[in-house]
Amino acid sequence: MIGYVTLGVSDMARAKQFYTDLLEGLGAKVLLDMERIAFIGKNMGAPMLAVCQPFNGEPNHPGNGNMVAIPAGSKEAVDKFYHKAIELGATCDGEPGQRIPDMFYGAYVRDPDGNKLAFFEFG
């Protein structure tokens with residue numbers, strides 16, 4: 001249902017490095033790089049994450065209430081993604097834990113530009 005999600009960033013090189021390092025375990029890589037925008041994912045036919053400098057040339061601003069949720073595959077993987085993101089320069093926005101008993105386990109970070117990410121596992 002979703003082709004790609006775009007996150008505004010202030011430093012393209014830093015953003016591409018952050019997201020390719022963070023998501024390499026899912027098989028993600030930069031698939032298309034057009035200087036101002038880069039698409040990161042497994043292939044062009046699967047959902048992707050795009051990082052870009054805003055088209056209007058204004059500074060990027062993370063949206064209040066906007067978040068990209070990445071399925072981790074297991075509770076242990078949620079923990080690994082969270083810690084890897086922190087190591088790569090993200091800040092904590094909610095440590096890993098069971099959020100809804102027997103239903104939802106998640107962790108939350110802000111990337112170096114302040115964009116909110118969640119890593120999750122249902123169950």
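Residues numbered from 1 in each chain as written. Predicted model: local features only at pLDDT ≥ 70, side-chain atom pairs only at ≥ 80, totals over all residues. Heavy atoms only, no water.

Naming follows an unreviewed UniProt entry, where the protein appears as VOC family protein of Marinobacter daepoensis.

A. Focus on the nonpolar core. Ranked by internal contacts, the top residues of the largest apolar core, which has 27 residues, are Y19, L22, V51, L117 and F119. Contributing elements (two or more residues each) for this core: α1 (12-23), β3 (37-41), β4 (48-52), β5 (68-71), α2 (75-87), β7 (104-110) and β8 (116-122). Top contributing element to this core by residue count: α1, with six residues. What L117 contacts, discounting residues up to four positions off in sequence, is L7, F18, Y19, L22, M67, V68, A107, Y108 and V109. In terms of nonpolar packing, the next biggest core, distinct from the first, is built from five residues, I37, F39, A50 and C52 among them. (Core = buried A, V, L, I, M, F, W, Y, C linked by side-chain atoms within 4.5 Å. Buried < 20%, exposed > 50% of the residue type's maximum accessible area, 1.4 Å probe, protein only. Helix = DSSP H or I, 4+ residues; strand = E, 2+ residues; numbered from the N terminus. Contact = heavy atoms within 4.5 Å.)

B. Here's a closer look at the sheet that holds strand β2 (residues 29-33). Spatial strand order, β1-β4-β3-β2: four strands in an open sheet with mixed pairing. Because the sheet does not close on itself, it has two edges, and the strands there are β1 (4-8) and β2. Strand after strand, the sheet turns through a mean of 30° between neighbouring axes, direction not considered. Sheet topology places β3 next to β4; four bridges connect them, and they run antiparallel. Among the inter-strand pairings, F39 is bridged to a residue of β4, identified as A50. (Pairing = 2+ DSSP bridges. Axes fitted to C-alpha atoms, helices over the stretch in contact; angles between N-to-C directions.)

C. The side chain of K16, seen in detail. Mapping K16 onto the fold places it in helix α1. Side-chain polar atoms of K16 contact the side chain of D33, separated by 2.5 Å. Here K16 is in contact with V30, D33, A38, I40 and V51, once residues within four sequence places are set aside. (Polar contact = N/O pair within 3.5 Å; in protein donor to acceptor, adjacent residues only side chain to side chain.)

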